[in-house]
Amino acid sequence: MRQCFPGVFERGGKLYTKNRVPGQQVYGETLVVEDGVEYRSWNPYKSKLAAAIMNGLQNFPLSHCSTVLYLGAATGTTVSHLSDIATQGLIYAVEIASGAMRKLLLLCRSRPHLVPILGDAGKPRTYRAQVGQVDLLYQDIAQRDQVDIFCKNMALFRPAWGMIMVKARSIDVGRHPHHIFREAERSLGQLYHVQESVSLDPYCRDHRALLIRSPGLGQGKDKAA
Ligand SMILES: C[S@@+](CC[C@H](N)C(=O)[O-])C[C@H]1O[C@@H](n2cnc3c(N)ncnc32)[C@H](O)[C@@H]1O
């Protein structure tokens, strides 16, 4: 295994994270053992962060001690890999759908540094009291107002880094994704520094990962790997 970012490994063109709960599969991923350590394969077709890494993401805003506010956690596919990486950190996982939350709760039982929050990411004040200081805001929500939701949370929690997985078709199915991405970059660029913009094709069509840095706002660690 070759470590490409802190806690992220590559072998034979595939990504892996060290399994924090050896023997446990979260979404049917492959488990492999090397030198006595168990790794979980990280599928870029099922996780947009893995897709961004596969597509050449340069800066990685996570380390073993990161604290993350994750909006749109679903059943925990990507959250589980973040929890493999941020072994000494904390991940607040916000999800609005109770069905997905039920599965996420099972994951949280075996990974105590995951904090599940049943809530609406569009109303960050409703979960403000449950969330401490965060280093990274990560959002993957297919809503028309996804950029506004992201900005509201950035403004309230003031992390050093933000990452939003923009789904063009949810914002406006009638316009070319290229224009939507440009608009999202422009409006975020008025408030923050857009450090990277990475297409997620072909793993996730019409999506882009935008990595945002908040100059002067970060209260925690402010250096990406
Ligand atoms: C594309 S899925 C997320 C997949 C997940 N990030 C992963 O990679 O494993 C989007 C999720 O966002 C949730 N969602 C949509 N609107 C939301 C909101 N306003 N607040 C919180 N979660 C929301 C949906 O219920 C859904 O589970």
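Residues numbered from 1 in each chain as written. Predicted model: local features only at pLDDT ≥ 70, side-chain atom pairs only at ≥ 80, totals over all residues. Heavy atoms only, no water.

**Some details on the sheet that holds strand β6 (residues 67-71)**
With respect to topology, seven strands assemble into an open sheet ordered β8-β7-β6-β9-β10-β12-β11, the strand pairing being mixed. Across the chains shown, the open sheet's two edge strands, defined by having one partner strand only, are β8 (114-118) and β11 (193-199). Neighbouring strand axes in the sheet, compared pairwise and without regard to direction, differ in orientation by 15 degrees on average. Relative to strand β7 (residues 90-95), β6 runs parallel, the two being bridged by five bridges. Bridging across to β7, L69 finds its partner in Y92. Packed onto the sheet, helix α6 (residues 177-189) meets β10 (161-167), β11 and β12 (207-213) and runs at close to 10 degrees relative to β12. (Pairing = 2+ DSSP bridges. Helix = DSSP H or I, 4+ residues; strand = E, 2+ residues; numbered from the N terminus. Axes fitted to C-alpha atoms, helices over the stretch in contact; angles between N-to-C directions. Contact = heavy atoms within 4.5 Å.)

**Observations regarding the sheet that holds strand β1 (residues 2-5)**
Pairing in this open sheet of five strands is antiparallel, and the strands run β1-β2-β3-β5-β4 from one edge to the other. Strands at the two margins of the open sheet, each flanked by one partner only, are β1 and β4 (31-34). Strand-to-strand twist of the sheet, defined as the mean angle between neighbouring strand axes without regard to direction, takes the value 45 degrees. Sheet topology places β4 next to strand β5 (residues 37-42); four bridges connect them, and they run antiparallel. Its bridge partner being in β5, E34 is matched across the sheet by V37.

**Digging into the environment of I91**
Within the secondary structure, I91 sits in strand β7. Put simply, I91 and R125 are 34 residues apart on the chain and 18 Å apart in space, counted from C-alpha to C-alpha. Residues in contact with I91, not counting those within four places in the same chain, are V68, Y70, V79, L82, S83, H113, L114 and V115.

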